[in-house]
Structure formats: C-alpha cells, structure tokens
Amino acid sequence: MTLPSLMLASVLAAASGDAAGHGSLADAPIVAATAAPELAWVGWVLALPALSAVACVLLAMLRVRNKLPAAATVLALGGAFALILKLYLSRGPNAAPVIVHLWDWMNFGWGGGDWKSFQADVSLYIDSLTLLWMLFVTGLGTLIALFASEYMESERGPGYARFFFGVSIFLLAMACLVMADNLVLLYLGWEGVGLASYLLIGFYYRKPSAVAAAKKAFIMNRVGDLGLAVGIWLIWVNYGTVEYGELFQKLAVGGSDQGGWDRSLIPFCLMLGAFGKSAQLPLFTWLPDAMEGPTPVSALIHAATMVTAGVYLIARMQPLFMLHPDAMTTVAWVGGITALVSATIGMAQYDIKRVFAYSTVSQLGYMFMGLGVGTAFGAAYHVFTHAFFKALLFLTAGAVMHGFAGQLDLRRLSGVRKVPGFGIVSWTMLVGCLWLAAFPYSAGFFSKDLILVQAMSKPQFQILGWLSLATAALTAYYTFRVWFRVCAGPVSYVPGEEAHGDHGHDDHGSQHHDDHGHAFHPHPPRLAMNGVLLLICLGAILAGIPGIQALRGQHNWVQEMVYASTAVRAAGVDHVTTPVAFGMDPHKVVSVFGIAASLGGIAIALWLHLLDRRMADRIRTALLSNGLTRWLPVAMENKWYFDEIYHALFRLPLWVASHLLHFFDRHFIDGVLVNGVGRVPTVLGRLFQPLYNGALQGYATTMAGGVILVLAWVAWRWLGAGGAA
C-alpha cells in the first residue's frame, strides 16, 4: 500500500474509531440545547457589523474621502472574529448546544394547544457547527476587508464607504443566517446576504454588465428562496414550530419518520433553496456572472461564505432530509453532475476570475455530493479548506487585475512571477492552485478524498465516485492552465482597459504599451494586500492539520465539531475494506486514482501551457476544423448554452407573455372596459347636445318628445301585461 493510501486509511480508521466510540452514527441522538443567558455578550457578533454599517453611512453623508470606512469595518469584523474565537476556546470543539436569547421578536397566539401559536425570537443557536462556520466567516471576512482597504482605494469617497457598507451588511446577514436559533431568523439572514450580494455585485452601477449580473443573481436566488420559504412553512405545518431546539427534539422522538406528501416535500423545498444560494444545477449560472463585482466581493461572498450557506442549511437540517428516501440521493447526484459540468466549462474560459468562479461551482458540487453520500464531515471539512484556498486564489487574481489595469485574460499575461513586486502574488497563487488541484498531502487532498471514499464505499454511488475522479483531473488541468499561463513563462503582458499613461521606466528593458501607445508599468500590491495574501496562504496550509491529526491517530477536530452538531448522523466516513475495483478497497482506489488525476492534470497543463504553448492552440484548431469534434470546444466555450437555453425556456416566453398582457391591458382593459365605459356619457351627451341650443322652441320640442316617449313606454308595458284584454 502506498504512503498516501496509508494516510487516507489512517484518516478513515480514525473516523471509524470515532463512530465506534460514539455508537452507531445512524442512530445517534441530537443533544438537546439548553439556555445560556450568561453568553449574551455573543450578541456583539451581530452588533459590531451593524455598527460599522451605520458608521459607513455617516461617513458617506459627511463625504469623508479617507480610509475611515475601511478602518471601521476591519475593526468591527476583527472584533466579531475575536468574540467567536473566545467562544470557541472556552467551549471546545464538541460542546453541547446552547441557546442565547437576545430579545423577543415574533410571538403570536390564537388559542391553546399545538399549532395555536407562533414564536420566533432573535436568539442564537450555538453549537460546534455554528462555531466552525463563524470562525472562517468572520476570520476571512476581516482579512478580505483589510485587503479591500488597499484594493478599493481608487474609490475613496462615497463609493468607498458604500462598498464597506455592503460588506458590513453582508457579514451581519451571514451571522444571522449561521447563528439563528429559528428558521425565520435564518431566512432573514438568507435574504440579507442576497441583498448584500446584489449591492456588491452591482457596485459599478454605471457598467451595464455589472448591473445585469446583479439583477441575474438577485432574481435567480429568488427562485431558490421561494423553495426555502415554502419549506419553512411546511415545517411549521407539520411540527408546529420553527425553533431549532423544539424542532430537533420532535425529530429525535420519531418526527423524522416518513409521512404524507407534504412532509416528504420538505427536504426538496430546502434543497431548492440550497441549490439557489450555492449555485448548483439548475440555478448555477448567476455565480460566474457575479465576477463583475469588485474582486474582494468574489473572495468574500462567492468563495468563502455566502455560497456555502446551502451546504450549511443541509448540514443543519440533516434530520429533515430523512423524510424522503430519495432526498439525499438527489443531493448527491445534483452535486456530482454540477461538479463535472462546471469543470468542463472552466477548462475553456479565458477570464481568470471566471475560471476560478466555475471551479467554485465545481467544488460546491463536491460538498453537496459529500452531504448526499452520507459524510457531512467530509463536506464540512471541504468547506473549511476550500474557504481558504479559494479566497486566496480570488485575491491573487484581484492583485493581478489591480496591477495590470484590469487585465484578466490569461492569453494576455505571462511571466508575472518575474515582474518586480509580484513574487508574493505568484507564489501564493501557486499554493492555492496546488490545494485546489488536491495535490498530495495538501488540505484539499484530505478533504476532497474523504468525500470520494464515501462515494466509492456505497455501491449506488460508485459511478458518481468515478465521475468525480475524472472531475478532479479536469480541475487540476484548468487550475494550472491559469498558473502556467499567467505566472510562468517569459514576461509578456498587455494592460487592461483601465490602463493610463505611465511615462516612467518599464520592466526588463522591454516596452509594454496600453491601447493609446503610452508606456505601461504594472504597479505591485503593497503591504495590506501582500500581508493578507500571506496570512490566508498560511491559513490554507494550516487547514490541513485536521487531516494530519487523523494520520497520527489523533481526533480530527473538524469531525468532532460535526459530531457535536445536528449533522451527527453523517459525522463519520464508512470504513469499507471490500475490494471495489482492481482488487483495491475504496480508500486505495481513491488514493491511487486521485493522485494520478491530480498529477496527470498538472502534467498535461505543464506541457500544453508552459513547455509547448503552441500545442494547445494546435489541438484547439484541430478540434474546430473537424466537423465531428467542433461541437465540443464551441459548447464548452459557450458554457454549454445554459444561458441560451434558459433564455428560450423562460426569459423569452415571459417577455412575449408580458408584451401580450400589456397589449391586452392597454387596449381591452383600459381601452374598452375602463376608458370605453367612461366615454359612454360623453358620447350620449354629444348626441343630444344639438337639442340644447338656447332656443325656446327647441326646448319645447324636446319636452314634447320626452312626454311621447314616456307615454309610449307605458302603453307598451300595459299591452305586454295583457291590458288589451
């Protein structure tokens, strides 16, 4: 058995040992939460971002043009992280859940007994899953805000304050979502992160593509949010509560048994909400377009925090997904297919941020697959590791974009690591690429392989496991396609559209010019940006410690945190020793083929995008020139035409229907019914207007005619009633 195989076997053995020590995870109970009023100070985790948002509004009103908005935001988020860290250190990774009541919010009653009241307070549900999420949400949020303080300094003034206001609102909403003790408060945070995402994606509101991307994200998320809202309503209808403490105890005493159609619908409604927020099929196309926002937004919202909300929702509500036998299977297949499809699209993109965006969608697919195949531990650990290395990749892409006047086309950048001042950017990007490619012994290697082993351990998911191994090879390829193109090779670059004249010296004695013929000199990142890159790189490296702990026979503290949460029934990894392929058991299959996929993908990228870059162009030309293969690169470059399909199926029919309804409303409702009825008195008045001309004989004639008409009507009624008889 190879050394990596032994490592993974040790991880799985530790997982199996934990399961044995705790009993059967499938039957493990959810620990009841107790009140903890002494922890009321944790409410400052919500208050600090709210105060920084208020401060940003005041600074914008005062037209402050310095970095005070950034300072206020960084201090507030840093304070929130310090409070979460204090809470974690005081409670440990496997403490029992507690509820911290802050203040009353909704409390309605219309009689006695069940389903005669509704309660949802502003209270916090604090367990190990809450702490795990909040540690990287607040920690990375602080570092990314610090990075943005330098990155966004060209916007100093109202735009600068507006940006950090959006960041503060986002962290406030994310804290509500993760720390809520009831589904209504979770939904408030859910909508809050959607609003903050809309504001930040559309930050450059004078740019039509940014406005369109913001609207697309907002509208597509509303589809998922509707599913979540229906799911919350069905939970209350079936269980009479939306509070976690009461809900989980009802589920623990048999409430998770499969019931009627409305109860079985709950996991699918929650699933729809999770797929929308975490960009899974069919609601994934908004995330790559969201790269139109400032790069720190991509790192904060679309790599480290918001897009993991769907994974958090399913992990938190894991007992409810037992209500239908096919719910978790659906989650697994949607996640696995999303991972593969988005990886194929990422291979054919040229915008660095969009490549990383599609990799985010793909990695989220792995996380959902982990939940679906039965290892919330593997999914949560991959969330944790991915938060660091993907934030690192986005921020390094932002540093390149910032230094090269907005240039993100990997065909127009080369040898960036040799450009003075970009060494830290290039080498930290390399670490992020190695982690994303699941290079052996990296944190990404440990977390992703746990998911693949669980899939291989279950016969019904082995096909999904093989597809995911193929996806891992594609991931390694397109990840290093970026690094070898951008950071390695000879120095060559074309500045982006934001270039301005720089009449100073240029690098290496070579001349690089913008579109106006002016000499261009890249400006490297300074202390704030480089310092944050180094800190997040260190965090990405340290994120592999739980895997190393398991290798040494110690407890994996991430698994302990998942075990002490509501996802306890999926807190382990099946330790299967039965051969599944080529005489190898699941962990050896994943180890051998996973390492081969990682190293093979990197080797192909090395050949095509560094050693012989013309070969990649020749292969693409050959594919395009052959009628049988032309469809493949064209479809991948056009993102498998998902946007066009959605346009044909939804947007175009709605556009046609709206115009038809507008025509009907304007010409029939308004034209005939409303305005037409209103015109009847006017038409009648004009008909009799000649009779009222001021002449006496005219009035006499009118009166005589009226008398005759009345007499005629009376006679007709009398004759009709039989008066002639």
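Residues numbered from 1 in each chain as written. Predicted model: local features only at pLDDT ≥ 70, side-chain atom pairs only at ≥ 80, totals over all residues. Heavy atoms only, no water.

1. Things to note about the overall build of the chain
Right, so step 1: Helix and strand counts for the chain stand at 26 helices and five strands.
Right, so step 2: Summarising its shape, the C-alpha atoms of the chain cover approximately 120 × 75 × 60 Å along the three principal directions.
Right, so step 3: Of all 725 residues assigned to the chain, the portion counted as buried reaches 55%.
Right, so step 4: In the chain, of all internal contacts separated by at least 6 residues, the share reaching a separation of at least 24 is 78%. (Helix = DSSP H or I, 4+ residues; strand = E, 2+ residues; numbered from the N terminus. Buried < 20%, exposed > 50% of the residue type's maximum accessible area, 1.4 Å probe, protein only. Contact = heavy atoms within 4.5 Å.)

2. Remarks on the environment of A175
Right, so step 1: Structurally, A175 can be placed in helix α5 (residues 158-179).
Right, so step 2: A175 sits in the buried class, given a relative accessible area of 1%.
Right, so step 3: Expressed as a C-alpha distance, the spacing of A175 and V45, which sit 130 residues apart in the sequence, is 7.4 Å.
Right, so step 4: Residue contacts for A175: discarding those within four places in its chain leaves L46, M134 and A180.

3. What about the domain arrangement of the chain?
Right, so step 1: Partitioning the chain into structural domains gives domain 1 (3-506 + 521-600) and domain 2 (642-724).
Right, so step 2: When each unit is reduced to the centre of its C-alpha atoms, the spacing between domain 1 and domain 2 is 62 Å. (Domains from an automatic or database assignment.)

4. Details of the pairing of strand β3 (residues 117-126)
Right, so step 1: Of all the 10 residues making up β3, eight are buried; the element is thus mostly covered by neighbouring parts of the structure.
Right, so step 2: Pairing geometry for strand β2 (residues 98-109) and β3, over nine bridges, is antiparallel. The partner of N107 across the bridge, within β3, is Q119. (Pairing = 2+ DSSP bridges.)

5. Structural notes on the environment of A80
Right, so step 1: Mapping A80 onto the fold places it in helix α3 (residues 68-91).
Right, so step 2: Overall, A80 belongs to the buried group, its relative accessible area being 2%.
Right, so step 3: Beyond its immediate chain neighbours, meaning those up to four positions away, A80 contacts V45, L48 and T138.

6. What about the state of the cysteines?
Right, so step 1: Tallying each qualifying case throughout the model produces zero disulfides.
Right, so step 2: In this structure C176 is not part of a disulfide, and its nearest cysteine sulfur, from C56, lies 17 Å away. (Disulfide = S-S within 2.5 Å.)

7. Digging into helix α15 (residues 376-403)
An α-helical segment advances 3.6 residues per turn. Residues three or four places apart therefore align on the same side.
Right, so step 1: Taking 1.5 Å as the rise per residue, α15 with 28 residues should run 40 Å; its terminal C-alpha atoms sit 40 Å apart, in good agreement.
Right, so step 2: For α15, a buried count of 28 out of 28 residues is recorded, marking the element as mostly surrounded by other parts of the structure.
Right, so step 3: In the segment just after α15, A405 is the residue with positive phi, at about 60 degrees. (Expected span 1.5 Å × (residues − 1).)

8. Some words on the side chain of E153
Right, so step 1: Within the element layout of this structure, E153 appears in the loop between α4 (128-151) and α5.
Right, so step 2: With residues up to four places along the chain from it excluded, the contact list for E153 reads K67, Y160 and R526.

9. Section: helix α13 (residues 327-347)
Right, so step 1: Its 21 residues give α13 an end-to-end C-alpha distance of 31 Å, which sits within 8% of 30 Å, the value for a rise of 1.5 Å per residue.
Right, so step 2: With respect to burial, α13 is a largely interior element, 15 of its 21 residues being buried.

10. A few points about the packing of aromatic side chains
Right, so step 1: Tallied over the full model, the rule gives 33 aromatic pairs.
Right, so step 2: With a centroid separation of 5.0 Å and an interplanar angle of 45 degrees, the aromatic rings of F404 and F422 are classed as tilted. Of this pair, F404 sits in the loop between α15 and β4 (413-414) while F422 sits in the loop between β4 and α16 (423-436), and the two are 18 residues apart along the sequence.
Right, so step 3: Chaining the aromatic ring pairs together yields one cluster made of Y88, W133, F136, Y312, F384, F388 and W557.
Right, so step 4: Across from the ring centre of W41, 4.5 Å away, lies the NZ or CZ of K86, which sits over that ring.
Right, so step 5: Looking at R411, its charged tip hangs above the ring of Y350, at a distance of 3.8 Å from the centre. (Phe/Tyr/Trp six-rings, centres within 6.5 Å; stacked < 30°, edge-to-face > 60°. Lys NZ or Arg CZ within 6 Å of the ring centre and 35° of its normal.)

11. Observations regarding the pattern of salt bridges
Close approach of charged atoms allows side chains of opposite charge to pair.
Right, so step 1: Scanning the entire structure with this criterion turns up 16 salt bridges.
Right, so step 2: Residue K216 pairs with D643 through a salt bridge whose shortest N-O separation is 2.7 Å. Here K216, found in helix α7 (residues 208-239), pairs with D643, found in helix α25 (residues 642-688); they are 427 residues apart in sequence, far enough to count as distant.
Right, so step 3: In this structure, the salt-bridge partner of K639 is D643, at a minimum N-O distance of 3.8 Å.
Right, so step 4: Under the relative-accessibility criterion, D643 is labelled partly exposed at 24%.
Right, so step 5: Salt bridges here are not isolated pairs; linked through shared partners, they connect K207, K216, D289, E292, R354, K639 and D643. (Salt bridge = Lys/Arg side-chain N within 4 Å of Asp/Glu carboxyl O.)

12. A look at the sheet that holds β2
What holds strands together in a sheet is hydrogen bonding between their backbones, with the strands either parallel or antiparallel.
Right, so step 1: Read across the open sheet, the three strands follow the order β1-β2-β3; overall the sheet is mixed. Each edge of the open sheet is held by one strand with a lone partner, namely β1 (34-35) and β3.
Right, so step 2: Strand contacts of helix α6 (residues 183-201): β2 and β3, with the helix running at about 65 degrees to β3, the strand carrying the most contacts. (Axes fitted to C-alpha atoms, helices over the stretch in contact; angles between N-to-C directions.)

13. With respect to the side chain of S468
Right, so step 1: Tracing the sequence through the fold places S468 in helix α18 (residues 462-486).
Right, so step 2: Those residues in contact with S468, other than ones at most four positions away along the chain, are Y366, M369 and L452.

14. Structural notes on the pairing of β2
Right, so step 1: Across two bridges, β1 lies against β2 in parallel orientation. Counterpart to T34 in the pairing with β2 is V98.

15. What to know about the environment of P325
Right, so step 1: Turning to its location among the elements, P325 is positioned in the loop between α12 (309-316) and α13.
Right, so step 2: Distance in space between the C-alpha atoms of P325 and P29 is 19 Å, their sequence separation being 296 residues.

16. Section: the layout of surface pockets
Right, so step 1: Volume-wise, the largest pocket comes out at about 1000 Å³.
Right, so step 2: The wall of the largest pocket is formed by 34 residues, among which M401, A405, G406, Q407 and E498 lie closest to the centre.
Right, so step 3: Looking at the lining of the largest pocket, the elements with two or more residues in it are α14 (352-373) and α15.
Right, so step 4: Of the residues belonging to the lining of the largest pocket, the class tally is 11 nonpolar, 11 polar and 12 charged.
Right, so step 5: Of the pockets and cavities examined, the second largest pocket occupies roughly 800 Å³.
Right, so step 6: K216, I219, M220, Y646 and R651 are, among the 20 residues lining the second largest pocket, the residues nearest its centre.
Right, so step 7: Those elements that place two or more of their residues in the lining of the second largest pocket are α7 and α25.
Right, so step 8: With eight residues, the top contributor of residues to the lining of the second largest pocket is α7.
Right, so step 9: Classifying every residue of the lining of the second largest pocket by side-chain character gives 10 nonpolar, three polar and seven charged.
Right, so step 10: Built from parts of two domains, the lining of the second largest pocket gets at least three residues from each of domain 1 (3-506 + 521-600) and domain 2 (642-724). (1 Å grid on protein atoms, 1.4 Å probe; cavity = no way out; pocket = protein on both sides within 12 Å on 5 of 7 lines; lining within 4 Å. Points joined across faces, edges and corners; volume = space filled by probe spheres on them. Nonpolar A, V, L, I, M, F, W, Y, C, P; charged D, E, K, R; others polar.)

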